[in-house]
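# Observations on chain architecture
Each chain is listed here by its residues.
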Amino acid sequence: MKCVKVTTWADVFEGWRAREASNPGWVKCATEIKGWPDWESWRRFTASQIGADQRTWQLFEFTDPAEEIPKMLVGPYSNWQSRLPAPNTASFEDLLNIPEQAAFFGQHDGVISIMNGLPFSTEFIGLVREDTNKIVCLEGHHRAVAIALAKRQGKLIDFGGTRMTIALANLPKDECRLLDEALKRGSSK
């Protein structure tokens with residue numbers, strides 16, 4: 001990865017809003033499943049669990065998305081973590097090394113649609129765990145698993161000329177517990 005620029009949480013959140021807030025599926029998840037009044041309330045609560053607005057953010061560009069993205073860790077979300085043997089430790093590659101998960105995502109309409117649409121420009125949001133120096137995906141799980149699935153299936157995707165970025169902030173060693181706390185609390189109202 002290479003650093004593109006310093007950014008702000010406000011700008012990172014606006015990108016998140018642009019990617020999700022008008023998607024009926026995410027609005028339904030926020031309001032009907034999670035119990036929030038709207039998408040923004042839900043996602044702002046999620047961000048508050050890791051102190052997103054108090055962190056220093058930088059935008060990085062992936063130089064080898066097919067290799068870098070599958071190595072990101074799955075974020076602290078119960079639906080994703082329930083698919084893994086241990087919480088907050090597995091990458092998207094690890095997830096797909098579990099036969100049941102490879103089969104599930106290999107037939108997941110949304111993931112297949114994303115995979116078949118690659119490459120396209122997009123932005124992820126993540127944290128760099130200072131205890132392991134690994135990136136935790138906070139936003140972009142379906143895109144990440146689609147890229148990991150393409151790699152697993154041997155689909156060669158030419159990402160050249162496609163801008164794939166990630167907004168990153170550091171998560172100090174003494175704050176890595178926030179991931180476990182967010183997972184335990186969940187994002188329901």
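As shown above, the structure is provided for reference.
Cut-offs used in this document
- Residues numbered from 1 in each chain as written.
- Predicted model: local features only at pLDDT ≥ 70, side-chain atom pairs only at ≥ 80, totals over all residues.
- Heavy atoms only, no water.
- Salt bridge = Lys/Arg side-chain N within 4 Å of Asp/Glu carboxyl O.
- Helix = DSSP H or I, 4+ residues; strand = E, 2+ residues; numbered from the N terminus.
- Buried < 20%, exposed > 50% of the residue type's maximum accessible area, 1.4 Å probe, protein only.
- Core = buried A, V, L, I, M, F, W, Y, C linked by side-chain atoms within 4.5 Å.
- Contact = heavy atoms within 4.5 Å.
- Phe/Tyr/Trp six-rings, centres within 6.5 Å; stacked < 30°, edge-to-face > 60°.
- Lys NZ or Arg CZ within 6 Å of the ring centre and 35° of its normal.

Looking now at the pattern of salt bridges. Counting across every chain of the model gives 13 salt bridges. When the shortest N-O distance is used, the salt bridge between Arg44 and Glu40 registers 2.7 Å. With Arg44 and Glu40 both in helix H3 (residues 39-48), this residue pair falls four residues apart, about one helical turn. The class for Arg44 is partly exposed, based on a relative accessible area of 38%. Where Glu139 meets Arg143, a salt bridge forms, and the shortest distance between an N and an O atom there is 2.5 Å. You can call Glu139 buried: its relative accessible area is 4%. Residue Arg143 is classed as buried on the basis of its relative accessible area, which comes to 12%. Each member of the salt-bridge network shares a partner with another, and the members are Glu14, Arg17, Glu40 and Arg44.

In terms of nonpolar packing, the biggest core is built from 59 residues, with Trp9, Trp57, Met72, Phe92 and Phe124 touching the most fellow members. The dominant element in this core, judged by the number of residues it contributes, is helix H9 (residues 141-152), at seven residues. Phe92 has contacts with Ile69, Pro70, Met72, Leu73, Val74, Trp80, Cys137, His141, Ala144, Val145 and Ala148, leaving out every residue within four places of it along the chain.

In this section: the packing of aromatic side chains. Summed over the entire model, instances satisfying the criterion amount to 12 aromatic pairs. The ring of Trp42 has Arg43 sitting right over it, with the charged end atom 3.8 Å from the ring centre.

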